[in-house]
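Next come the chains, spelled out residue by residue.
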Amino acid sequence: MSELTSAALRKATRRLVPLMAVCYFVAYLDRTNLSVAALTMNEELGFTATAYGFGAGVLFLGYILLDAPSNLIMHRVGARRWMARIMIVWGLVAAACAAISGEVSFFVLRFLLGIAEAGFFPGMILYLTYWFPAARRATVTGLFMVAVPLSTALGAPLGGLLLELDGVAGLSGWRWLYLAEGLPAVFLGVALLWLLPDRPAKAKWLTEDERSAIEDVLIREQAATERGNPLPVRKALFSGRTIALGLVYFGIAFGLYGLGFWMPQIIKSSLAIKDNLSVTLLTAAPYAIGAVAMVVWGRACDRTGRSSTYTMLPMVIGGLALVVSAFLTSAPWLGYAGLCACAIGVMAAFPAFWTLPSAFLAGAAAAGAIGVINSIGNLSGFIGPYWVGWMSSLFGSAKWGLVTIGLVMTAGGVLVKSLGDAPRRQASQTSALVTPQN
C-alpha cells in the first residue's frame, strides 16, 4: 500500500470513525439506560421479570424485519441522508419512552424504537467497507464499536446519577433518563447531513489524489472479491456462509443482550448491594476493560489476518467463564468475575467478526448479506432478555439463564472457527492486493 493511500486512510479514520463512534454511543445508550431504568421502573410500574424481558427484547423485532431492506436502501441512496433519517426518528421515539405507563405502552414504544433504529448498525458496518480496505477493517471496526463498552462504562453511572433526579418537575428518575437519551440522537442526526460524506469521492477534506488513492484500492479489492464469489444479491442473502455467520453473530449478541439487559439487576441481587450508583459502577467496570480489549484485539487481528480465530477465542473463553461462574453461588464475587470475563469476551469478538462478511462479498451483495447477518443475530436480542427473564421467574435466579448464554457463545465460537477466514479462492486473490500494516 502506497504512502499516499496510508496517509489518506489515516485522515479518513480521524474524520469519520470518532463521529461514527459517537453516533453509536448514543444508539447503544438505549440498551444501557433500559437496564439502569429497570432498577426503579420495574417496581414503580409493577413489571414482572418476564414482562421486562419481553419489552427489552421486542425492540429487536424491528431490526429483524428491516435491517436487510434498510442496508439495500442505504446502498442506493447514500449513507448521509439515510443515517440522518434513522437517527432523527429514533431520537424522537426514544424520548417518547418517558411516557411509558404500563406493559402495553412499554411493549409498543420499544417495538417502535426498533423499527426506527433498524438498519443503523449494519449500515455503519457497510459504510466502513466504502472507505477502508480489508487489511484495516478490524482496526477501524474496533475503534467504531468501542462505543458499545463505553456506553455502559460511562452511560451506566450517568444513568445512576439521572435516577437521582427522581421527583424533579414531578417526574420519576427513570423518565428523566429516557428524555436525556433521545434528544442527542436528534441533534446528531441533523449534523450527519453535513459531516458524513457518502463515499471518498465526495469527501471535500481529502485532496483529489487522496480520493483517487482510496478509491483505487477499494475498486481493485472489490473486483477480486466479486471474481472469487460472483453471487447476485438474492443468492448472497441466503447463501450457506451468510446464514452460518448469522448464527455466529447470534452467539455473540446472545451474550451481549442477554447479559447486558440484566447485569445491573443480577449484580444488585447477587452481591446484595442497595445503592444504585454502586451497582452501575460495578456494571461499568468490565465494559471499560472491554473497550481497551476491543481496540487491541482488532489491531492484532489485522496484523495476522486470522479473523475466525480472533472471533472464536474470546467467545469460547468468555462463554465458558460465564458457565463456571454461574455455579459459584457461594462465592458471589467470583460470579461477578465470570460476568466480567463474558462481557469482555463479547466486546473483543466484534471487530474480527465483522471483517468476515466483506471477505467474500462486495457491493449490493455485501449490503444485503450484512443486513441478514445482523437480523439473524438480533433474534438473540429478542430471545436473550426474554429467556433470562423467564428462567429467572421459573427458578428464582438468573443462574440457568447465564449458563445458556455461556453455552450458546461457546457453540458460536466453534462454528466460526469451522468456517475459516474466507472462501479459499477469494482469500488468495485479495492478499496480493492489500498487505496488512502495523
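Located above this text is the structure these notes cover.
Keep in mind it's a predicted model, so treat the numbers as computed, not measured.

Peer 1: I would appreciate a short explanation of the packing of helix 2 (residues 49–77) against helix 5 (residues 120–129) in the present structure.
Peer 2: Two quantities define a packed helix pair, namely the angle between the helix axes and the distance between the axes. Where helix 2 meets helix 5, the axes come as close as 9 Å, and the angle between the chain directions of the two elements is 40°. Between helix 2 and helix 5, the crossing angle belongs to the class labelled oblique. The two elements helix 2 and helix 5 meet at a crossing, and its hand is right-handed. Here Asp-67, Asn-71, Met-74 and His-75 of helix 2 lie close against helix 5, whose contacting residues are Pro-122, Gly-123, Leu-126 and Tyr-127.

Peer 1: Honestly, the pattern of salt bridges in this entry has me stumped. Any pointers?
Peer 2: For side chains bearing opposite charge, pairing can occur when the charged atoms are close. Across all of its chains, the model carries five salt bridges by this definition. Arg-10 is the salt-bridge partner of Glu-3, the closest N and O atoms lying 3.1 Å from each other. Between Glu-44 and Arg-175 there is a salt bridge; the shortest N-O distance is 3.9 Å. In this pair, Glu-44 sits in helix 1 (residues 3–45) while Arg-175 sits in helix 8 (residues 173–195), placing the two residues 131 residues apart along the sequence. Glu-44 sits in the partly exposed class, given a relative accessible area of 43%.

Peer 1: Explain the packing of aromatic side chains here, please?
Peer 2: Aromatic ring pairs are defined here through the distance separating the ring centres and the angle between the ring planes. Evaluation of the coordinates by the stated rule reveals 23 aromatic pairs. Between Phe-47 and Phe-106, the ring centres sit 4.9 Å apart and the planes meet at 20°, which makes this aromatic pair stacked. Residue Phe-47 is located in the loop between helix 1 and helix 2, and its partner Phe-106 is located in helix 4 (residues 103–117); the two are separated by 59 residues in the primary sequence. Like Phe-106, Phe-47 is buried. Taking 5.4 Å as the distance between ring centres and 10° as the angle between the ring planes, the aromatic pair formed by Tyr-249 and Phe-353 counts as stacked.

Rules used in this analysis
- Residues numbered from 1 in each chain as written.
- Predicted model: local features only at pLDDT ≥ 70, side-chain atom pairs only at ≥ 80, totals over all residues.
- Heavy atoms only, no water.
- Axes fitted to C-alpha atoms, helices over the stretch in contact; angles between N-to-C directions.
- Helix = DSSP H or I, 4+ residues; strand = E, 2+ residues; numbered from the N terminus.
- Parallel < 35°, antiparallel > 145°, perpendicular 65-115°, else oblique.
- Left-handed = near helix turned anticlockwise from the far one by under 90°.
- Contact = heavy atoms within 4.5 Å.
- Salt bridge = Lys/Arg side-chain N within 4 Å of Asp/Glu carboxyl O.
- Buried < 20%, exposed > 50% of the residue type's maximum accessible area, 1.4 Å probe, protein only.
- Phe/Tyr/Trp six-rings, centres within 6.5 Å; stacked < 30°, edge-to-face > 60°.

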